[in-house]
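Chain by chain, the residues run as shown.
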Amino acid sequence: MENNLEKIVSQIVSSANKSDRDANNIKLIAASKTQTAERVREFYDSGHKIFGENRFQEGREKIPLLPADTEWHFIGGLQRNKVKDIIKLFEWIHSVDSISLLDEIEKRAAHAGKIQKILLEINVGGEANKHGAAPEDLLTLVRATNERQHVELHGLMTVAPFSEDLEEVRPYFAKLRELKETAERETDSILPELSMGMTHDFTIAIEEGATMVRVGTGLFGKRNYGKTE
Ligand SMILES: *Cc1c(COP(=O)(O)O)cnc(C)c1O
């Protein structure tokens, strides 16, 4: 386990060096879906305290079992009827992709007296089976977010189409970076975060500007979907 963590961290450092970036500006989010709280705790005890969960139900079980200074990111598909509970548990939500979700977060965060940190998820590959807003809708979403008082927009997130050939994935990461730059210019906003890259493609994502990478199997090993999916 510690070996996996060391290995991923050193790959982050070498990808950062390769692209003249500071590895300290790249946050490793351990994608802990299907992993037990005990396994998550092992990572916590070895010094890694940032985790991402995909499902509210799983988060609700694990989060109370970890120390309060663990940083939790919600990275899965967001359902409106779960927003109320998700904002109580998660510091970050990566998967906001509609005005109606924004409105729900605004309403629930206002009730809870919280400013919710979010990213807008963009479906850069236009894949029917993926979450995320269409690139054409980005400016509308950024402007709508900027009008909400209890939602703080920090950047964009994507899950790129899968390909064995990483050079085929690279243009999707480059596209998210370009979308971010356009949105910053057109809406006069600052969007520092780009959440992109998973186990098989995070090195390329870093070369294209990722500030958050979400790594699951590379840290925990293969997932056992038996119970949860
Ligand atoms: C599961 C998951 C990851 C991590 O995937 P791995 O291939 O196991 O690294 C990253 N992002 C999202 C949105 C996920 O659902």
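You'll find the structure just up there.
Below is a short write-up of the structure. (Residues numbered from 1 in each chain as written. Predicted model: local features only at pLDDT ≥ 70, side-chain atom pairs only at ≥ 80, totals over all residues. Heavy atoms only, no water.)

Let's talk about the pattern of salt bridges
As a reminder of what qualifies: Salt-bridge detection follows one rule: a side-chain nitrogen of Lys or Arg within 4 Å of a carboxyl oxygen of Asp or Glu. A run of DSSP states H or I qualifies as a helix once it reaches four residues; a run of E qualifies as a strand once it reaches two. Both are numbered from the N-terminal end. Type-normalised accessible area, obtained with a 1.4 Å probe on protein chains alone, sets the label of each residue: buried when under 20%, exposed when over 50%, and partly exposed for intermediate values.
Applying the stated criterion across every chain yields a total of 19 salt bridges. Taking the shortest distance from any N to any O, the salt bridge between aspartate 45 and arginine 41 comes out at 3.0 Å. In this pair, aspartate 45 and arginine 41 both sit in helix H2 (residues 37-45), 4 residues apart, roughly one turn of the helix. Overall, aspartate 45 belongs to the exposed group, its relative accessible area being 53%. The residue lysine 62 makes a salt bridge to glutamate 58 at a minimum N-O spacing of 2.7 Å. Here lysine 62 and its partner glutamate 58 are both found in helix H3 (residues 56-62), 4 residues apart, which amounts to about one turn of the helix. Looking at lysine 62, the relative accessible area reads 5%, which means it is buried. In this structure glutamate 58 comes out as buried when scored by relative accessible area, which is 9%. Residues joined in a network through salt bridges with shared partners are Lys18, Glu167, Arg170, Arg177, Glu181, Glu207 and Glu208.

Some thoughts on the packing of aromatic side chains
Rules: Only centres within 6.5 Å qualify two rings of Phe, Tyr or Trp (six-membered ring in Trp) as a pair; their planes then separate them into stacked at under 30 degrees, edge-to-face at over 60, and tilted for everything else.
Counting across every chain of the model gives 3 aromatic pairs. For the ring pair phenylalanine 43 and phenylalanine 220, a centre distance of 4.6 Å and an interplane angle of 55° mean the geometry is tilted. Of this pair, phenylalanine 43 sits in helix H2 while phenylalanine 220 is found in helix H9 (residues 217-220), placing the two residues 177 residues apart along the sequence. For the pair formed by phenylalanine 43 and phenylalanine 220, the shared burial category is buried. A ring pair is formed by phenylalanine 51 and tryptophan 72, whose centres lie 5.5 Å apart and whose planes are at 35°; its orientation type is tilted.

Quick look at the site of the ligand
In plain terms, the rule: In this text, near means that some heavy atom of the residue lies within 4 Å of the molecule or strand in question. Identification of polar contacts relies on pairs of N or O atoms within 3.5 Å, with a donor-acceptor requirement for protein atoms, meaning one able to donate a hydrogen and the other able to accept it, and with residues adjacent in sequence counted only if both atoms are side-chain atoms. Each accessible area is a Shrake-Rupley result for a 1.4 Å probe, and residues are judged covered by the shown protein chains and nothing else. For this classification, the nonpolar set comprises Ala, Val, Leu, Ile, Met, Phe, Trp, Tyr, Cys and Pro, the charged set comprises Asp, Glu, Lys and Arg, and every other residue, Gly included, is treated as polar.
Close contacts around the ligand come from Ala31, Lys33, Asn54, Ile75, Val159, Met198, Thr199, Arg214, Val215, Gly216, Thr217 and Arg223, and that covers them all. Within the backbone of threonine 217, one N or O atom sits 2.8 Å away from an oxygen atom of the ligand. The fraction of the free accessible surface of the ligand (380 Å²) that becomes covered by protein chains is 89%. For the shell around the ligand, the per-class residue count stands at 5 nonpolar, 4 polar and 3 charged.

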